[in-house]
2 protein chains.
Amino acid sequence: MGTVERITTAMAELMRRQGYAATGIAELARAAGVPNGSVYHHFRGGKRDVAARALRESGAAYGQLLPTLLEPYDDLATGIEAAFAEAGRTMAESGWMAMCPVATVTAEIADVEPELRAVGADVMTGWVEGGAAFLRGRGLGDDDAREVVHAVLAALEGAFVVARGLRSREPLDAAGRALGAWVATLPVGVPAP
Amino acid sequence: MGTVERITTAMAELMRRQGYAATGIAELARAAGVPNGSVYHHFRGGKRDVAARALRESGAAYGQLLPTLLEPYDDLATGIEAAFAEAGRTMAESGWMAMCPVATVTAEIADVEPELRAVGADVMTGWVEGGAAFLRGRGLGDDDAREVVHAVLAALEGAFVVARGLRSREPLDAAGRALGAWVATLPVGVPAP
DNA sequence: TTCGCTCTAGAGCGAACGTTCTAGCATCGT
DNA sequence: ACGATGCTAGAACGTTCGCTCTAGAGCGAA
């Protein structure tokens, strides 16, 4: 694993655990196992630069998570419910910190670090477009696909936050059941190519 | 308005805008219009103490928000949809920063400031219990009431984060329509006393 | 007036922050 | 063999951090 990659993955991990502001360069370098100065050699723009790259990379990974979780289920509604339940299991196993770094950082710095907010918006837009394409492939209409993605994304990120605070799976389970039941009522046409 | 109150409201405002870690005591004192030392005179426990009080106070205020928004609507489902839409309007007007400080801070510091996480959990538990009682009063069964509160809370907090990042009402509108449609399918009995 | 107390006011503390700088090591093509 | 280059390594810079400390303003009680 290259040095750059070690730095960005360490940054993503630290950011999802404690956010952007509380993560220092020295701490990052220690976590990545590189000297302080190497961070600035590879990331000319300093801390903000590292955070932006880390958000983009981990954002891309998270974007593939939902389609992957839904893939095995023929029925979209039960798939969504199962995906939320799986997220709850993962979170409990990780000691309630397996949250998405994009949401953590966006909530924290949206009004103070415009460049990072823009990166987060980019990543989220990618999720929405990718997710909508996936759902259209499952037979949903254009508008419904977009609406489902936004509702699922919001519920998932929010349930992460509440579950993390309460240290309970209940928010994730409840949100999953609610959205599953709702999606089950939507009309499904012939799957698009 | 007393000094203590000025400090806690300023802290809540700063935390929802930029989180806990990025908010300094000097900045807080300036925003509250009090000298640096006064903060420590009134809050022996320092920054953490201020944050805890600010979270409890603004948390109580937010807890009354949803019942207040739902009150005018006879039908719960349309009330929920309208409440999400109203939240979206408020957020757009505020320049996309009218988020809930409890969610922002919980996401940011859950694993690093155990005391503040516990405060956030306390506040959220109050929301869930208060919200469930309200919904039982609207005729929902015990289990359904709890499930609806958790789903609505998760969707609302998550939609705030995504809307803030994207600077768009779409997440809030989509989440509101989804949850409204789902709640409309739940059985409603005779309103409890 | 004078004491006692609360709170204001801000200077000052050591530590940690993001960043820059210089020195040294390794691996090239020539 | 050799300078050039890419990267490591960490000391050091000025600033800002959370917090403590001291000095005094304000005010009711005696």
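Residues numbered from 1 in each chain as written. Chains lettered and ligands numbered in written order. Predicted model: local features only at pLDDT ≥ 70, side-chain atom pairs only at ≥ 80, totals over all residues. Heavy atoms only, no water.

### A look at the UniProt feature "DNA-binding region" (unreviewed entry) in chain A
Under the UniProt annotation, "DNA-binding region" (unreviewed entry) lies at residues 24–43 of chain A. Taken end to end, residues 24–43 of chain A comprises 75% helix and 0% strand; its first and last C-alpha atoms sit 15 Å apart. (UniProt positions renumbered as here; feature names shortened; annotations may be inferred. Helix = DSSP H or I, 4+ residues; strand = E, 2+ residues; numbered from the N terminus.)

### Topic: the protein's contact with DNA strand D
For DNA strand D, the set of nearby residues contains 13 residues, the closest of which are Thr3, Ser38 and His42 of chain A together with Ile25 and Lys47 of chain B. Atoms of DNA strand D within 4 Å of the protein belong to the sugar or the phosphate in 66% of instances, the rest to bases. Contact distances for DNA strand D include 3.0 Å between a phosphate oxygen and a side-chain N or O atom of Ser38 of chain A. With respect to DNA strand D, the backbone of Thr23 of chain B contributes an N or O atom lying 3.1 Å from a phosphate oxygen. Counting residues per element, the ones that place at least two in the surface near DNA strand D are α3 (36–42) of chain A together with α3 (36–42) and α4 (46–63) of chain B. Per-element accounting of the surface near DNA strand D gives the leading share, 4 residues, to α3 of chain A. Class assignment for the residues of the surface near DNA strand D results in 3 nonpolar, 9 polar and 1 charged. (Near = heavy atom within 4 Å. Polar contact = N/O pair within 3.5 Å; in protein donor to acceptor, adjacent residues only side chain to side chain. Nonpolar A, V, L, I, M, F, W, Y, C, P; charged D, E, K, R; others polar.)

### A few points about the relation of the copies chain A and chain B
The operation relating chain A to chain B is a screw motion whose rotation component is 180°, with 0.0 Å of axial translation and a residual RMSD of 0.0 Å. Both copies are brought into coincidence by an operation consistent with a two-fold rotation axis. A high fraction, 100%, of the interface residues of chain A reappear at the interface in chain B, so the copies pair face to face through one surface. (Least-squares fit on C-alpha atoms with pLDDT ≥ 70 in both. Contact = heavy atoms within 4.5 Å.)

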